Amino acid sequence: MTVLLCGAISLTGCARKSDEQRRSKSGKAVIQNTGSDTMVNLAQAWAEEYATVDSTVSVEVSGGGSGTGIAALINGTVDIANCSRKIEPDERKRAEENTGKTPDEFVVAYDALAVFVSKQNPLSEISLSQLAEIYGENGSITKWSQLGITGMKRDEIIVINRQSNSGTYHYFREAVLGKKRDFRLGTYDMHGSKDVVEVVARTPGAIGFSGMGYATHDVKMLRICVSEADSAFLPNIQNALSGKYPIARPLLMYTIGEPTPVIKNYLDWIFSKHGQKIVALNGYIPLTADAHLGNHFSEGR
Amino acid sequence: MQNRGNWEMLSEKFIERLIWLCGISSILFVFGIFFFVFREGAGFLFDGFNAKEFFTSIEWYPTSQNHVRYGALALIAGTFSVTLVSMAIAVPFGLGAAIYISEFCSPKVKEVLKITIELLAAIPSVVWGFIGLTIMNQLIIELFNAPIGLTVLNGGLILALMSVPIIVSIGEDALKAVPDSYREASLALGATRWQTIYRVLLPAAKNGLLAAALLGVGRAVGETMAVLMATGHSIRIPTSLLEPVRTLTATIAAELGEAPMHSEHYQVLFIIGILLFTITFVVNLVADLAVRGIRNQAS
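Definitions and limits used
- Every chain's residues receive numbers from 1 upward, in the order its sequence appears when written.
- As a convention, the first chain written is A and the first ligand written is 1, with the rest following in written order.
- Totals for whole chains, interfaces and linings use every residue, but because this is a predicted model, local features are given only for residues with pLDDT of at least 70 and side-chain atom pairs only at 80 or more, for both listing and counting.
- Side-chain measures here rest on the full set of heavy atoms in the structure, leaving out hydrogens and waters.
- With axes taken as lines fitted to C-alpha atoms, and helix axes fitted only over the stretch in contact, angles between N-to-C directions fall between 0 and 180 degrees.
- Every helix listed is a DSSP run of H or I at least four residues long, and every strand listed is a run of E at least two residues long, numbered separately from the N terminus.
- The scheme is simple: roughly parallel for angles under 35 degrees, roughly antiparallel for over 145, roughly perpendicular for 65 to 115, oblique for anything else.
- A contact between two residues is defined here by any heavy atoms of the two lying within 4.5 Å.
- When residues are grouped by polarity, Ala, Val, Leu, Ile, Met, Phe, Trp, Tyr, Cys and Pro land in nonpolar, Asp, Glu, Lys and Arg in charged, and all others, Gly among them, in polar.
- Relative accessibility under 20% of the residue-type maximum defines a buried residue, over 50% an exposed one, and the middle range a partly exposed one, all with a 1.4 Å probe and only protein chains included.
- Both cavities and pockets are sets of points on a 1 Å grid over the protein atoms alone; in a cavity a 1.4 Å probe fits but cannot get out, in a pocket the set is open with protein on both sides within 12 Å along at least five of seven lines, and lining residues sit with an atom within 4 Å of a point.
- Grid points are joined across faces, edges and corners, and a volume is the space filled by probe spheres set on the points.
- UniProt positions are given in the numbering used here, feature names are shortened, and annotations may be inferred rather than shown by experiment.
- Among the buried residues, those of types Ala, Val, Leu, Ile, Met, Phe, Trp, Tyr and Cys that are joined through side-chain atoms within 4.5 Å form a nonpolar core.
- In the sections that follow, a salt bridge refers to a side-chain nitrogen of Lys or Arg positioned within 4 Å of a carboxyl oxygen of Asp or Glu.
- Start and end positions for the domains come from either an automated domain assignment or a database one.
- Buried surface area refers to the total accessible area, computed with a probe of radius 1.4 Å, that the two partners give up upon joining, counted for both partners together.
- Pairs of N or O atoms within 3.5 Å make up the polar contacts considered here, provided that, within protein, one atom can donate a hydrogen while the other can accept it, and that residues adjacent in sequence are counted only when both atoms are side-chain atoms.
- Paired strands, in this sense, are two strands between which DSSP finds at least two bridges.
- With the strands aimed away from the viewer, a crossover counts as right-handed if its path from the first strand over the helix to the second runs clockwise.
- Fitting one axis to the seven residues ending at a residue and another to the seven starting there, the bend at that residue is the angle between the two axes.
- Here a Phe, Tyr or Trp ring, Trp counted by its six-membered ring, pairs with any other such ring whose centre lies within 6.5 Å, and the pair is stacked when the planes are under 30 degrees apart, edge-to-face when over 60, and tilted otherwise.

Draft legend 1. Expanded view of the packing of helix α6 (residues 128-135) of chain A against helix α7 (residues 167-177) of chain A. All names here are of chain A. Two elements in contact, α6 and α7, have axes whose closest approach is 9 Å; the angle formed by their N-to-C orientations is 120 degrees. Overall, the two elements α6 and α7 adopt an arrangement that is oblique. Contacts from L128, L131, A132 and Y135 of α6 reach α7 at F172, V176 and L177. Of the residues belonging to the contact of α6 with α7, the class tally is seven nonpolar, no polar and no charged.

Structure (structure tokens):
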């Protein structure tokens, strides 16, 4: 009962109280961490590992999508919001108005957005403009034969998308369709990256996208090029960092205002060698890899 | 002595009041819920909400960068199509099961069946959704040579399995409520068991059976997680059983988390909530009137 009460108190009280006040009876400080579905497994892995590093802090992770994390940040109900896209200026403004503090941004890892098809599909590479015609409103590509693929049991392309609070959805729209274009109506909007991979693996005519950490052996990752004349590249650490793979992005964490000491320690640990090793273990690109290859992510993405 | 009597009177009054409050509370809750849902959506409903677009356009682009559109027609069509399919499956099966349980089977089989059917109701909807996403998707692709199995049919089948327990248990109650004298009289006149059922019992219990079916409809309309995962969550008006749809409930579930508090998008989702509330209210009202029909007939 006491444990339940403590939990309830620490949950309800976290919006306005500082770390000191938020300590539950067991003496643990609680960090609330919500947001990106792309990052939820990674964040969970960090949280579990951090429990062995600093036993006085407990990190509570939940997903829901980047939009959910940002919404929680705006409402002031979360300590760290995970985000697989940049915060919009409008959202930043609302967060400042609501909480009186400026959101602070931290790049914690990199991700190449993987595009994949079923293993039965002979397609192995695709260009950004072809992707835009498949996914975009009034797009001209609806059949596999238009991509030169024949011998599919059904010619129709099954377009798998994400629901609109996904940071991956926002990033894909911006990077592939351009700022102004919308997705076509009638795409299959899955609730999470896992569902996307699941459906693509089990549906011969499907195409889908997610963070590279979610790709499994049941789906085939496509090589991607900017236009058909260029050569295409697989999503991996080298190609993402060298900029050859065209749809790579930073994974971000946002705090409201300057992080408190407890949160700052946690973030510092995430940036450390130990924390970044977990990034690689979860299939994403660690920051440390960036140091060798020159930082092309820092601006404009 | 006098004192004790007063005390008893007072406590009795207090208990009466308390029980009255318990009884009346559900009304308070329902109106409270309606009030809060309505309040969240009201700001946009009366200021800038385009009802014509909402009910006639299928273009649902709540987060578009250049042109935000809130057309819910496809979502409404999605909800109705999935509900219709699930009822077409669940009502015959549910009522058939109810008739078998109340009229034909031995007490032992009856117990086993009732427990098993109630177990169906206990399976969490997200598990149903996962079954739809993985097992049914592939089955439908193979059986119907469909491009993808996340379809109206998939969602309808899963919702049917979810609403069968309600239909069975209420349908069985309705049949049980028919007095035994009806059965005995019918058999005495030389009717067979089957004749007794469809000439005597079904007409006598028809209001209760209708109520069972309508409560099943309410379950199907309101289900969220299973349809979110099993129907493909795709904005279009379906023209066949093998096309995907998106329902009103699934749209709220998928998008409410994102929508910043009190933004237009957030308020539109609450307007969808009001619409759903109205639909289930009408369905339950009809079910209730039907049930009241039985009581009047019985008395």
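Draft legend 2. Summary view of the environment of I166 of chain B. Residue and element names in this part refer to chain B. Here I166 shows up in helix α6 (residues 152-176). We classify I166 as partly exposed; its relative accessible area is 26%. C-alpha of I166 to C-alpha of A213: the two residues are 47 residues apart in sequence and 8.4 Å apart in space. Sequence-distant contacts of I166, defined by excluding residues within four places in its chain, comprise L215, G216 and R219.

Draft legend 3. Structural detail: empty space enclosed by the protein. Across all of its chains, the model carries four cavities of 30 Å³ or more by this definition. Put simply, the largest cavity is a space of about 160 Å³. Taken together, 19 residues form the lining of the largest cavity, with Y169 and D189 of chain A together with W60, I235 and R246 of chain B sitting closest to its centre. When contributions to the lining of the largest cavity are tallied by element, the ones reaching two or more residues are β6 (158-162) of chain A together with β1 (60-61) of chain B. For the lining of the largest cavity, the class distribution of residues is seven nonpolar, seven polar and five charged. Computed from the structure, the second largest cavity encloses a volume of approximately 50 Å³.

Draft legend 4. A look at the UniProt feature "domain: ABC transmembrane type-1" (unreviewed entry) in chain B. In the numbering adopted here, UniProt assigns the feature "domain: ABC transmembrane type-1" (unreviewed entry) to residues 76-287 of chain B. Secondary structure across residues 76-287 of chain B comprises 78% helix and 0% strand; the distance between its end C-alpha atoms is 21 Å.

Draft legend 5. Just the nonpolar core, in detail. Formed by 82 residues in total, the largest nonpolar core has its most connected members in W46, L131, Y135, I160, I207 and Y266 of chain A. With ten residues, the single largest contributor to this core is strand β4 (residues 103-118) of chain A. If near-sequence neighbours (up to four positions away) are discounted, I160 of chain A is found in contact with Y135, Y188, M190, V196, V199, V200, A206, I207, G208 and F209 of chain A together with I148 of chain B.

Draft legend 6. How the structure looks around the pattern of salt bridges. The final tally for this structure, using the stated rule, is 23 salt bridges over all chains. Taking the shortest distance from any N to any O, the salt bridge between E174 of chain A and K179 of chain A comes out at 3.8 Å. Given the relative accessible area of 57%, K179 of chain A is considered exposed. The partner of R219 of chain B in a salt bridge is E223 of chain B, with the nearest N and O atoms 3.7 Å apart. Overall, R219 of chain B belongs to the partly exposed group, its relative accessible area being 28%. Here the salt bridges do not stand alone but share partners, grouping E137, R173 and D182 of chain A together with E59 and R69 of chain B into one network.

Draft legend 7. Molecular detail of the domain arrangement of chain B. What the domain assignment reports for chain B is domain 1 (2-47) and domain 2 (82-244 + 290-298). Between the C-alpha centres of domain 1 of chain B and domain 2 of chain B there is a distance of 34 Å.

Draft legend 8. Inspection of the interface of chain A and chain B at higher detail. At the junction of the two partners, chain A supplies 35 residues and chain B supplies 40 residues. Together, the buried faces of chain A and chain B total about 3,100 Å²; carbon and sulfur atoms form 53% of this surface. Considering only the surface of chain A that becomes buried against chain B, L185, Y188 and R202 of chain A emerge as the three largest contributors, covering 20% of it. Across the chain A-chain B interface, the total number found is three salt bridges. The closest approach of N and O atoms between R246 of chain B and D189 of chain A, which form a salt bridge, is 2.5 Å. If you look at where chain A meets chain B, you find 17 residue pairs in polar contact (both at pLDDT 80 or more). Those elements that provide at least two residues to the side of chain A that touches chain B are α4 (66-75), β6, α7, β7 (188-190) and α8 (193-202) of chain A. Residues of the side of chain A that touches chain B, tallied by class, amount to ten nonpolar, ten polar and 15 charged.

Draft legend 9. Inspection of the pairing of strand β1 (residues 29-35) of chain A at higher detail. Residues and elements named next belong to chain A. For β1, the tally of buried residues reaches seven of seven residues, placing the bulk of the element in the interior. Alternating residues of β1 divide into A29, I31, N33 and G35 and V30, Q32 and T34, and every residue in both groups is buried. As judged from the seven bridges shared by β1 and strand β2 (residues 57-64), these two strands associate in the parallel manner. Each bridged residue has a counterpart across the sheet, and for A29 the counterpart in β2 is V57. A crossover connection joins β1 to the parallel β2 through helix α3 (residues 40-53); in handedness this β-α-β unit is right-handed. In this sheet, strand β3 (residues 80-83) lies alongside β1 in parallel orientation, the contact comprising three bridges. Bridge pairing in β3 links G35 to N82.

Draft legend 10. Layout of the side chain of E40 of chain B. Residue and element names in this part refer to chain B. Tracing the chain through its elements places E40 in helix α1 (residues 2-45). Looking at E40, the relative accessible area reads 15%, which means it is buried. Within the structure, the side chain of E40 is placed 3.4 Å from the side chain of Y266, a separation counted as a polar contact.

Draft legend 11. Looking closely at the side chain of S193 of chain A. All names here are of chain A. Note that S193 resides in helix α8. The exposure class of S193 is buried, given its relative accessible area of 0%. Here the side chain of S193 touches R162 through a polar contact of 3.2 Å, side chain to side chain. Apart from residues no more than four positions distant in its own chain, S193 is found in contact with D37, T38, R162, S210 and Y214.

Draft legend 12. Up close: helix α5 (residues 125-144) of chain B. The axis of α5 of chain B is deflected most strongly, by about 40 degrees, at M136 of chain B. The complete set of buried residues in α5 of chain B reads W128, G129, G132, L133, T134, M136, N137, I140 and I141 of chain B. Where α5 of chain B is buried, its residues meet β7 and α8 of chain A together with α4 (107-122), α6 and α10 (225-230) of chain B. Looking one or two places after α5 of chain B, you find N145 of chain B, whose phi comes out positive at around 55 degrees.

Draft legend 13. Quick peek at the UniProt feature "transmembrane region" (unreviewed entry) in chain B. Residues and elements named next belong to chain B. Feature annotation in UniProt places "transmembrane region" (unreviewed entry) on residues 18-38, 70-100, 112-136, 148-168, 209-230 and 266-287, given in this structure's numbering. Along residues 148-168, the helical share is 81% and the strand share 0%, with 32 Å between the first and last C-alpha atoms. Helix makes up 91% of residues 209-230 and strand 0%, whereas the separation of the span's terminal C-alpha atoms amounts to 28 Å.

Draft legend 14. Up close: the packing of aromatic side chains. Residues and elements named next belong to chain A. All chains considered together, the criterion is met by 21 aromatic pairs over all chains. Measuring from ring centre to ring centre gives 6.3 Å for F106 and F271, while their planes differ by 45 degrees; the resulting arrangement is tilted. With F106 in strand β4 and F271 in helix α10 (residues 261-271), the pair connects residues that are 165 residues apart, well separated along the chain. Owing to a relative accessible area of 30%, F271 belongs among the partly exposed residues under this scheme. Taking 6.1 Å as the distance between ring centres and 15 degrees as the angle between the ring planes, the aromatic pair formed by F172 and F183 counts as stacked. Of this pair, F172 sits in helix α7 while F183 sits in the loop between α7 and β7, placing them eleven residues apart in sequence.

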